[in-house]
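# Analysis of the macromolecular model
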Amino acid sequence: MGKLSDLIENKEKRVLCLGNEAIARGAIEAGVQVFAAYPGTPSSEISAALIAAAPELDFYAEWSTNEKVAMEISYAASISGVRSMTALKHVGLNVAADAYYSFMYMGCKGGFVTVVGDDPHCFSSQNEQDSRWLGVSANFVILEPSNPQEAKDYVKLAFDISEKFEAPILLRSTTRISHARADVQYNEYESNFKEGDLEKTPRFKCLPAIARANHPKLLEKMEKIKEWIFDSGLSIVEDNDGEDYGIITSGISYSYVKDALKTLKRTIPILKLGMISPLDEKSILRFAKNKKNIIFIEEVDPYLEDRISALFIQNGLNPEIHGKCNGITKRYHELDSRLVAEGLIKVIGGELPSLSEIQKAVEETKEFIPFRPPLFCAGCQHRAAFYELSKVVRKQDGIFSSDIGCYSLDPWVTDTIVCMGASIGMANGFARVIKNKPIFALIGDSTFFHTGLPALVNAVYHKANFNLIILDNRMTAMTGFQPNPTEDIPIENVVKGLGVDYIVEFDPYNFEKGKKTIEDALKHEGPTVIIMRKICANEWWRRKRRKGEEIEVFHTNSEVCIACGTCIVQYQCPAISWSLDTNSKDKKYTVIDPAMCTGCSVCSQICPTGAISKVELND
Amino acid sequence: MTEEYQMVIVGVGGQGILTISDVIAIAARKKGLHILGSEVHGMAQKGGSVITNLKIGKELHSPTIPEGSAKVLIGIEENETLRFIKYLEPNATAITSKTILNPVSWKKNKKAAIEAQEKIDENLAKFKAKIIKIDSEALALEAGLSLAQNIVLLGVLSQVEGFPLSDEELKEALKERVPKKYVEQNLKAFELGKNAIEKTN
């Protein structure tokens, strides 16, 4: 993260920052007064920045237990008259959507903005869900910036539009905007914080009769916004010269179009939409009128293409449509300027420098390039816990229903990973139909509080027979070590309160004891709860280093090591590698990198020859 | 300078890829140039292969760089250089460290590891790039900071023909970016890198 001082300083200046930091700055410049969020890549840095800034600027910001709670907090603040915001990833929006659909009916008061980070290419996600469709299904009002500067400026604009129309606004970012680094112009700002109050009106009660009346009002509001966009400056027409072709695009895809046309040395009329729901029908129809070909450039789904094609039919326009329908760009993964240029060539002609020599070299060399998947960190407590679990119940002898978090990286047993909280929900289901194998649900502390709880209540209530392992590493590590309720609310108390009979805790760094804990739990009728409790090794190591404390590391005795590979090949600790001179059998042994070792000691416990021991400080 | 200078920085998560990307960005900013880059965060970072794109120029649009279009590549790990060298345009420059970090797959399959290491020069040569190979580990140790392999390569970069920032500009940015107590070692690492090659033209 960039410097906090840059983020909050009330001054005109140009700052190098991440797209997400620019979005946070936009919220500060807009005078956001309440912010609540649950972390999720690629949105987390927005929240981290605002939560760091809040005490300095005297507004309220928190890490909430899940996206729905965060959104409800922000909405309550909004209908009490103050500016509020939440940020989440695309799948987090599913969790919050239950509330959001109705918020649209009810409308807001103080500006209410939700930033969603979509993740085309699944860099850090379980799917490529395209949030833009919520503009159709839920009448969301959606702004889509095309670069970090615009993202910052649009946040401010979103608050204004939200208040003008009393409409919640969704700002859609994607990974390549959120995690772009650019120089962004920051502006001065005025904070106008105020006490909130709730107006007593029936519109905030989504009862059937009121909802029935609210729905046509919402549609009316969308029509008003539609009229307003035309003069808002959000739709930009460039190089509108010629009737053969026109490109309609928005968001990050616009930037690819610009670079693609530059590479192709061509000028084609472009309509860039800043608001993608409701659509600026007037600008679109005016742009498309008399054009023979309309080319849609967008990532993942044909959202603009399908909606605008329908608009053309309704208005008697008949240009030839190019886009996903004729495959000029694909319906999955992200685009880049080359892919867009290749797509455009199919319609407008032209040539690109050949990549065939490079592609030939790639083909000839690819077998030599090692696969380097992300791994558990050195000393990771999850690695220890999963290794113990895999030694008690082998993969084929059990069912392992896991969840979203660092522990998704388990290389040994995991069978299913779906979405936040699904581990316990699905274990409930497996328990109904699989009777001859032990069933495990595996979930982290943050995910347990996020959406795991209701599924455990269900298991207790319906007596589902499975073993729940809660991997409590004291924080939300995967998304950047955010704090969560496990800091103050002991999980064992929660579980006990729900009526679970069998609850045990263990420290995974004690290999034999960890195994025995799991073995013992298997003798009991479920649901049983096994709590692994150990602070995230990465964070623990960082704190020790910051304090300048010595870390006790381990080393291998080369005379005793038989190079069996237990610590390297099986346990896969990244701090351990083979000795350099591995050509000679006599000299092959393992070496532990003292700069990476966290001293967890598990390798020394699983080494069959006892070759690994603690480095004595006076060595 | 030309309108737009595109580069990629690659390596393994934790090698200081974002640090040198930051230093270059700070130096370019001070010179009044625009910056646009793209980074990888979250899950993919942990010990995985990492690529960062950086564009420096006057009018910049998309944050990523397609294959066959970068002017220079910095690789802090040699296998990662091989993985990503396809991003270079023909006859561009790859500055690569000799450092090799064994992935788990190689720890299991020794034969593949040896073969790949023996063939790495031959494989890199299949791409029509100018390869500058540097023992960045030794130079970083000489500078007194084993973690400064990335900075050694930054020093090399300062000597690449056509790179729009001078060594003085990079050094100023470096001083700003690295922790105060390590400034001296970092500057030394930079100088050692810079002196490791003659002006490449």
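Fair warning: this is a prediction, and the values are worked out from it, not measured in the lab.

### A few points about the overall build of chain B
Helix and strand content of chain B: nine helices and six strands. In summary, chain B has a C-alpha radius of gyration of 16 Å against a globular reference of 17 Å for 201 residues, a match within 12%. Seen through its C-alpha atoms, chain B measures out along the principal axes to roughly 50 × 40 × 35 Å. Within chain B, contacts between residues separated by at least 24 positions form 69% of all contacts whose residues are at least 6 apart in sequence.

### Examining the overall build of chain A
Secondary structure assignment for chain A yields 22 helices and 23 strands. The globule rule puts the C-alpha radius of gyration for 619 residues at 25 Å, and the 28 Å found for chain A is close to it. When its C-alpha atoms are laid out on the principal axes, chain A stretches across 80 × 70 × 55 Å. Counting across all 619 residues of chain A, residues that qualify as buried make up 50%.

### Remarks on the sheet that holds strand E15 (residues 399–401) of chain A
Residue and element names in this part refer to chain A. The five strands are arranged E15-E16-E17-E19-E18 in an open sheet whose pairing can be described as parallel. At either margin of the open sheet sits one strand with a lone partner, and together these are E15 and strand E18 (502–506). Each neighbouring strand pair of the sheet contributes to a mean axis angle of 20°, computed without reference to strand direction. In terms of strand pairing, E15 meets strand E16 (residues 439–444) through three bridges, oriented parallel. Paired with Phe400 across the bridge in E16 is Phe440. In the packing of helix H16 (residues 422–433) onto the sheet, the strands contacted are E15, E16 and strand E17 (467–472), and the crossing angle to E16 comes to about 175°.

### Some points on the sheet that holds strand E4 (residues 70–75) of chain B
With mixed pairing, eight strands are arranged side by side in an open sheet as E1(A)-E8(A)-E2(B)-E3(B)-E1(B)-E4(B)-E5(B)-E6(B). Looking at the sheet topology across the chains shown, the edges are occupied by strand E1 (13–18) of chain A together with strand E6 (130–134) of chain B. Between one strand and the next, the sheet's axes are offset by a mean angle of 20°, whatever the strand orientation. Sheet analysis places strand E1 (residues 4–12) of chain B next to E4 of chain B, joined by four bridges and oriented parallel. By the bridge assignment for E4 of chain B, Val10 of chain B is matched with Gly75 of chain B.

### So, the interface of chain B and chain A
Each partner contributes residues to the interface: chain B has 44 residues there, and chain A has 44 residues. Listed by contribution, the elements that provide at least two residues to the side of chain B that touches chain A are helix H1 (17–30), strand E2 (34–38), helix H2 (78–84), helix H3 (104–108) and helix H4 (110–118) of chain B. Here the side of chain B that touches chain A is composed, by residue class, of 16 nonpolar, 16 polar and 12 charged. With three bridges connecting them, strand E8 (residues 180–186) of chain A and E2 of chain B associate as antiparallel partners.

### Quick look at the domain arrangement of chain A
Partitioning chain A into domains gives domain 1 (4–229), domain 2 (235–348), domain 3 (381–540) and domain 4 (550–614). One C-alpha centre belongs to domain 2 of chain A, the other to domain 3 of chain A; they are set 48 Å apart.

### A look at helix H6 (residues 136–143) of chain B
Residue and element names in this part refer to chain B. Looking at H6, one finds that the buried residues are Ser136, Leu139, Ala140 and Ala143. On an axial view of H6, the arc spanned by its buried residues comes to 100°, and they lie on one face. Buried residues in H6 make contact with strand E5 (88–97), E6, helix H7 (149–157) and helix H9 (183–196). Two residues or fewer past H6, Gly144 is found with a positive phi of approximately 90°.

### Regarding the confidence of the model for chain B
All names here are of chain B. Per-chain confidence: chain B averages 91 in pLDDT, with 94% of residues scoring 70 or above. E4 holds the highest mean pLDDT among the elements of chain B, 98, whereas H3 holds the lowest, 76. Here the prediction assigns the complex a pTM of 0.96, and the interface score ipTM is 0.94.

### Let's talk about the nonpolar core
Ala27 and Ala158 of chain A together with Val8, Val72, Leu73 and Val152 of chain B are the most contacted members of the largest nonpolar core, which has 170 residues in total. Here this core spans two domains, and each of domain 1 (4–229) and domain 2 (235–348) of chain A adds at least three residues to it. Each residue touching Ala27 of chain A, except ones within four places of it in the same chain, is listed here: Val32, Phe35, Leu50, Met85 and Val155 of chain A. In this structure, Ala384, Ala427, Phe506 and Cys597 of chain A belong to the second largest nonpolar core, which totals 67 residues.

### Some points on helix H20 (residues 537–546) of chain A
Residue and element names in this part refer to chain A. Turning to H20, its buried residues number three or more, namely Ala537, Asn538 and Trp541. Considered in projection along H20, the buried side chains sweep an arc of 100° and stay on one side of the axis. Seen from the open side of H20, the exposed residues pointing more than 90 degrees away from its buried face are Arg542, Arg543 and Arg546. On its buried face, H20 sits against helix H15 (381–392). Immediately beyond the C-terminal end of H20, within one or two residues, lies Gly548, with a positive phi of roughly 75°.

### So, unusual backbone geometry
Residues and elements named next belong to chain A. At the junction of Ser277 and Pro278, the peptide bond is cis and its omega measures out at -10° in the coordinates. With respect to the element layout, Pro278 can be found in the loop between strand E12 (275–277) and helix H11 (281–288). Cis geometry marks the peptide bond from Gly526 to Pro527, where omega comes out at 0°. Secondary-structure assignment places Pro527 in the loop between helix H19 (511–521) and strand E19 (528–533). Of note, Glu166 is a non-glycine position whose phi angle comes to about 50°, a positive value. Although it is not a glycine, Val300 sits at a positive phi angle of roughly 60°.

### Considering the packing of H16 of chain A against helix H17 (residues 445–461) of chain A
Residues and elements named next belong to chain A. One can describe the packing of H16 onto H17 by two numbers: an axis separation of 7 Å at closest approach and a directional angle of 25°. The orientation of H16 relative to H17 falls into the category roughly parallel. With respect to the hand of their crossing, H16 and H17 are arranged in left-handed fashion. Of the residues in H17, those touching H16 at Ile424, Gly425 and Asn428 are Gly452, Ala455, Leu456, Asn458 and Ala459. For the contact of H16 with H17, the residue count by class is four nonpolar, four polar and no charged.

Procedures and definitions
- Residues numbered from 1 in each chain as written.
- Chains lettered and ligands numbered in written order.
- Predicted model: local features only at pLDDT ≥ 70, side-chain atom pairs only at ≥ 80, totals over all residues.
- Helix = DSSP H or I, 4+ residues; strand = E, 2+ residues; numbered from the N terminus.
- Rg over C-alpha atoms; globule rule 2.2 N^0.38 Å.
- Contact = placed C-beta atoms within 7 Å.
- Buried ≥ 20, exposed ≤ 12 C-beta atoms within 10 Å, placed from the backbone.
- Pairing = 2+ DSSP bridges.
- Axes fitted to C-alpha atoms, helices over the stretch in contact; angles between N-to-C directions.
- Nonpolar A, V, L, I, M, F, W, Y, C, P; charged D, E, K, R; others polar.
- Domains from an automatic or database assignment.
- Arc of directions from axis to C-beta.
- pLDDT = per-residue confidence, 0-100.
- Core = buried A, V, L, I, M, F, W, Y, C linked by C-beta atoms within 7 Å.
- Parallel < 35°, antiparallel > 145°, perpendicular 65-115°, else oblique.
- Left-handed = near helix turned anticlockwise from the far one by under 90°.

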